[in-house]
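In case you want the letters, here they are:
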Amino acid sequence: MEKRGQAYLVSAIILVAIILSIVAVANYSEKNESEDIISLKEELKIESAKVLDYGINNSLSQPQMNQNLIDFTQIYLDTESRDKDIYFVFGDQSNITLKGYQNSAHSVSLDDVSVASSSGEFLGSVDPSGSSVTLNIDSNAYVFSLSNGENFYFIISREIGGNNYVVAG
């Protein structure tokens, strides 16, 4: 008679273990979707630093450095923009460039100069008037401090299941 109770107990433990593993896998797969833009953020920080170091070490002029950064950001727009809105802000205190891609129409301005208002790829530049530049995306404002040398910032936005995830660097 005791063996019959043990069989029910073992069956119950196995059933609970199966249910817990299914819940754990479901929770893990939901987390991975937002981790995509977090890993992209870390990659962009590393790669942009290398691009800036290359320009500085090779004494690139400001127009050459700007073109180098335009080419660099284009690679990311070509490979990563399929399901994300990506905005790159770069340059020095005399000229700031905004390059990006948005899947849906947003009003985008840099220091109150309109750069984009429709979906797709865009490029614009401004001569900043102070030691910071403000990127406005619809009603959201992102302020970036400008250092004396080259500056590189980015914002990545992705909608997942009705939630909008945003990272900046």
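Model, not experiment: these values are computed from the prediction.

Side note on the pattern of salt bridges
Here is step 1: Throughout the structure, instances matching the rule amount to 4 salt bridges.
Here is step 2: One salt bridge in this structure joins Glu80 and Lys84, with 3.3 Å as the shortest N-O distance. Just as Glu80 is buried, Lys84 falls in that class too.
Here is step 3: Its salt-bridge partner being Lys99, residue Glu121 comes within 3.3 Å of it at the nearest N-O pair. One end of the pair, Glu121, is in strand S5 (residues 120-126); the other, Lys99, is in strand S2 (residues 95-102), with 22 residues separating them in the sequence.
Here is step 4: One salt-bridge network, held together by shared partners, links Glu80, Asp83, Lys84 and Arg158.

Comments concerning the side chain of Lys84
Here is step 1: Note that Lys84 resides in the loop between helix H2 (62-80) and strand S1 (85-92).
Here is step 2: The class for Lys84 is buried, based on a relative accessible area of 0%.
Here is step 3: Excluding anything up to four places from it in sequence, Lys84 contacts Asp36, Ile37, Leu40, Tyr101, Asn103, Ile156, Ser157 and Arg158.

A few points about the sheet that holds strand S7 (residues 140-145)
Here is step 1: What the 4 strands build is an open sheet, ordered S4-S3-S6-S7; its pairing is antiparallel. Only two strands of the sheet have a single partner each, and these edge strands are strand S4 (113-116) and S7. Averaged over neighbouring strand pairs, the angle between their axes works out to 25 degrees when direction is ignored.
Here is step 2: In the sheet, strand S3 (residues 108-110) pairs with strand S6 (residues 132-137) via 3 bridges, with the strands oriented antiparallel.

Some details on unusual backbone geometry
Here is step 1: Phi angles above zero are rare outside glycine, and Ser59 is one such case at about 50 degrees.
Here is step 2: Looking at where Ser59 falls in the secondary structure, it is placed in the loop between helix H1 (2-57) and H2.
Here is step 3: By relative accessible area, Ser59 is classed as exposed at 63%.
Here is step 4: A positive phi is found at Asp138, a non-glycine position, where the angle reads about 55 degrees.

Rules used throughout
- Residues numbered from 1 in each chain as written.
- Predicted model: local features only at pLDDT ≥ 70, side-chain atom pairs only at ≥ 80, totals over all residues.
- Heavy atoms only, no water.
- Salt bridge = Lys/Arg side-chain N within 4 Å of Asp/Glu carboxyl O.
- Buried < 20%, exposed > 50% of the residue type's maximum accessible area, 1.4 Å probe, protein only.
- Helix = DSSP H or I, 4+ residues; strand = E, 2+ residues; numbered from the N terminus.
- Contact = heavy atoms within 4.5 Å.
- Pairing = 2+ DSSP bridges.
- Axes fitted to C-alpha atoms, helices over the stretch in contact; angles between N-to-C directions.

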